[in-house]
Amino acid sequence: MAEKITLSDLNKTLTEMNVQSLEGLKIEGDVEIDLDIGAGGVGPLFAYYFGEQAAKIAMQLMEFAKAVGYPVQNLMQPVAVAQAIAPAPAEIAAAAEAVPAFKIASALASAKFSVGVDKTWKHPIQEVTLGATKADGGSRGHVVKLGGEKAMPFFPDAEMPHAPKITMDVFDMPIGMAKAVKMHYEDVINSPGEWAKKAVKEFGADMVTVHLISTDPLLKDTPAQEAVKTVEEVLQAVDVPICIGGSGNPDKDPVVLSKAAEVCQGERVLIASANLNMDWEKIGKACVDNGHVCLAWTQLEINSQKELNRKLMKVAGVPRESIVMDPTTAALAYGLDFAYSNMERIRLGALKGDDELTFPMSSGTTNAWGVRESWMVRSPNKDDSDWGDRMLRGPIWEILTGYSLAMAGVDIFMMMHPTAVAYLHEITQSLMGRIEAKTPDANAWLKMGV
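Keep in mind that this is a model prediction, so the values were computed, not measured.

Cut-offs and rules
Residues numbered from 1 in each chain as written. Predicted model: local features only at pLDDT ≥ 70, side-chain atom pairs only at ≥ 80, totals over all residues. Heavy atoms only, no water. Helix = DSSP H or I, 4+ residues; strand = E, 2+ residues; numbered from the N terminus. Buried < 20%, exposed > 50% of the residue type's maximum accessible area, 1.4 Å probe, protein only. Contact = heavy atoms within 4.5 Å. Core = buried A, V, L, I, M, F, W, Y, C linked by side-chain atoms within 4.5 Å. Pairing = 2+ DSSP bridges. pLDDT = per-residue confidence, 0-100. Patch = residues over 30% accessible without salt bridge, like charges linked within 9 Å, V, L, I, M, F, W, Y side chains within 5 Å. Areas by Shrake-Rupley, 256 points an atom, 1.4 Å probe, with all protein chains shown as cover. Salt bridge = Lys/Arg side-chain N within 4 Å of Asp/Glu carboxyl O.

Draft legend 1. Representation of the side chain of serine 362. Counting through the fold element by element, serine 362 comes out in strand E9 (residues 362-363). Accessibility expressed as a relative area gives 1% for serine 362, which makes it buried. The contacts of serine 362, once residues within four sequence positions are left out, are Leu295, Val324, Met325, Asp326, Pro327, Met343, Val410, Ile412 and Met414.

Listed below in C-alpha cells is the structure:
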C-alpha cells in the first residue's frame, strides 16, 4: 500500500537529507484535497476561501518545482493576445454570413411623411372678443381675442390667430393662500383695486378675474348690490378686460352675477360662470341683455358640456360669439391626465364639426394650489422622500398644469403665482415662434427668486 505524505513532509525530508537538486527524477502519485463543505453548500464566501487555499497550494508546488531545478519562471510569460483569440468555428462563421442584411420593407420605403393639417379639421373654433374699447361703448384700453384656431394648438402648418391669454385672480376679501403666493399680495390683499393694478402692471396679466367670494352665505353673505362695488373699483383701477366670478354658491351666484352684468353693461366682461346645477338661464340671459360673454362650466364630462352649450344658445339665446367653455381643470396629481383627455376630445370634436363644442376653452389653472404637494412643507408620510423647496415646487406645479393643458387647446388661463404666469407666457410665446426659445440654465433655475 502506497504511503501518503504531504508536500510539507516531502520538502522537509529533502531538506534533512541536504538535497540541493534533483535530476532525472519522476514523482508519481495523486493529489488529494479534503474539503469540509458542511450543510450549507458551496457559497460565494466558501468559494473565495477555497480559491485562496488553492492558490497557496499552487505556490507551494511552484516553490517545490523551483527548488528541484525546474524553470518555473518560463510558465509566467504573458501570452500574446493574438494567440489567445481563437477564430470562430467554421459552422458559426458560416451561419453569421448567412444572415441577410436589414432592408426596409417596400411599403415603408415608399411612404411619405409630411407635417400638415388633418384634412378632417374643417371647422374653425369660434372667435370670441373680451372687453370693449371706447369706440365700442366700453372703457377698456384694448380687447382680448380668443379662438379662431383651425388645428390643434401650435401646429406648424396652421398658425394660431391669437396667443393664449392669462387672467390673474383678485379676491374681494382676504383669503388663505399658500405662502409662496401670499408673499406677492400681502401689500394689496385688502384692496381689490390695488391688487388688480399689481397683477397688470407688475406681473403682466392680460386680464383680471374678480372673485366675489364674500357673497357666499357661509362667509360674509355680502348683498349683490354691495358686492358689485368691488367690480366697479377694479374697472376704475385697470383698463384691461375683466372676468367676474361669484362664490360658487348655486343659489346666490345667479343673483350676484346678474347684478354684476348690469353694472358692467357695455364692457363685454366674461361672466364666470353658468353651470347645469344652478339657474344657468338667468345668467345666460343677463349676458345677452348686457352684451357680455358667458363662461359655460361643466365638470370633466363632454356630454354635459354639449348640453350646457346647447341650452345657453337655444334657450337663453346666448350667441355663439359670446360663449367660452370651462371643462374643469384637475391639476397635476389630481387627475390632470383626465382633464387633458377631456379637453383634447372637446377640441378634436370641434375641429371635426361638432358645432356644440366649437368654442374657446378656459382653464382654472389656479387649482394647482389646491394640491397638497404644491404647498406643504413636507410629506405627511414620515417615510416619504424629501419633496424639495415648496417655494419652488408650488410655481412649478402651476406651470406644469397650465403647460399641459395648453397642449390640449386651452385659450385662456386663470392663474395666481407671478413666476408661473411669466413662465407659461414665455413657453406659449416660444411655441408660437414669437420669441426665441432659450436653453434654460439649470443653475439659475435652482437659484431663482420667487
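Draft legend 2. Quick look at the nonpolar core. The biggest cluster of nonpolar side chains holds 88 residues, and the ones touching the most others in it are Met168, Tyr185, Trp195, Val208, Ile244, Ile271 and Leu312. With 7 residues, the top contributor of residues to this core is helix H8 (residues 224-237). When sequence neighbours within four positions are dropped, the list of residues in contact with isoleucine 271 reads Ile244, Leu257, Ala261, Ile283, Cys287, His292, Val293, Cys294 and Leu295. Counting residues in each nonpolar core, the second largest holds 13 residues, with Cys243, Leu270, Val293 and Met414 among its members.

Draft legend 3. Molecular detail of the sheet that holds strand E4 (residues 207-211). As summarised here, the arrangement of the 8 strands in space is E8-E7-E6-E5-E4-E3-E10-E9, forming an open sheet in which the pairing is parallel. The sheet is open, and its two borders are formed by strand E8 (323-326) and E9, each paired with just one other strand.

Draft legend 4. Looking closely at the environment of valine 371. Note on placement: valine 371 falls in the loop between E9 and helix H13 (372-375). Exposure remark for valine 371: the relative accessible area of 1% places this residue in the buried category. What valine 371 contacts, discounting residues up to four positions off in sequence, is Ala331, Leu332, Ala333, Tyr334 and Trp397.

Draft legend 5. Broad picture of the side chain of asparagine 342. When you line up the elements, asparagine 342 lands in helix H12 (residues 336-351). The contact partners of asparagine 342, leaving out residues within four places of it in the chain, are Leu300, Glu301, Ile302 and Pro327.

Draft legend 6. A look at the environment of glutamate 426. When you line up the elements, glutamate 426 lands in helix H15 (residues 418-431). A relative accessible area of 38% places glutamate 426 in the partly exposed class. Each C-alpha atom, one on glutamate 426 and one on alanine 437, is 8.4 Å from the other, the two residues being 11 residues apart in sequence.

Draft legend 7. Up close: the confidence of the model for the protein. Per-residue confidence for the protein gives a mean pLDDT of 87; residues scoring 70 or more make up 84%. In the predicted structure, residues 37-41 sits below a pLDDT of 50 and forms 2 contacts with residues beyond four places in sequence or in another chain.

Draft legend 8. Structural detail: helix H7 (residues 192-201). Of all 10 residues in H7, 7 are buried, a share of seventy percent or more. Those residues of H7 not exposed but buried are Pro192, Gly193, Trp195, Ala196, Lys198, Ala199 and Val200. The secondary structure elements touched by the buried residues of H7 are strand E3 (165-171), E4 and H8.

Draft legend 9. Representation of a nonpolar patch on the surface within the structure. Residues Phe102, Ile104 and Leu108 make up a contiguous nonpolar surface patch of about 420 Å² in total accessible area. With respect to the helices and strands, leucine 108 occurs in helix H5 (residues 106-109). Leucine 108 sits in the exposed class, given a relative accessible area of 61%.

Draft legend 10. Seen up close, unusual backbone geometry. Across the junction of alanine 272 and serine 273, the peptide omega takes the value 10°, indicating a cis bond. Unlike most non-glycine residues, phenylalanine 154 shows phi in positive territory, near 65°. Its location among the elements puts phenylalanine 154 in the loop between strand E2 (144-146) and E3. On the basis of relative accessible area, phenylalanine 154 is assigned to the buried category, the value being 16%.

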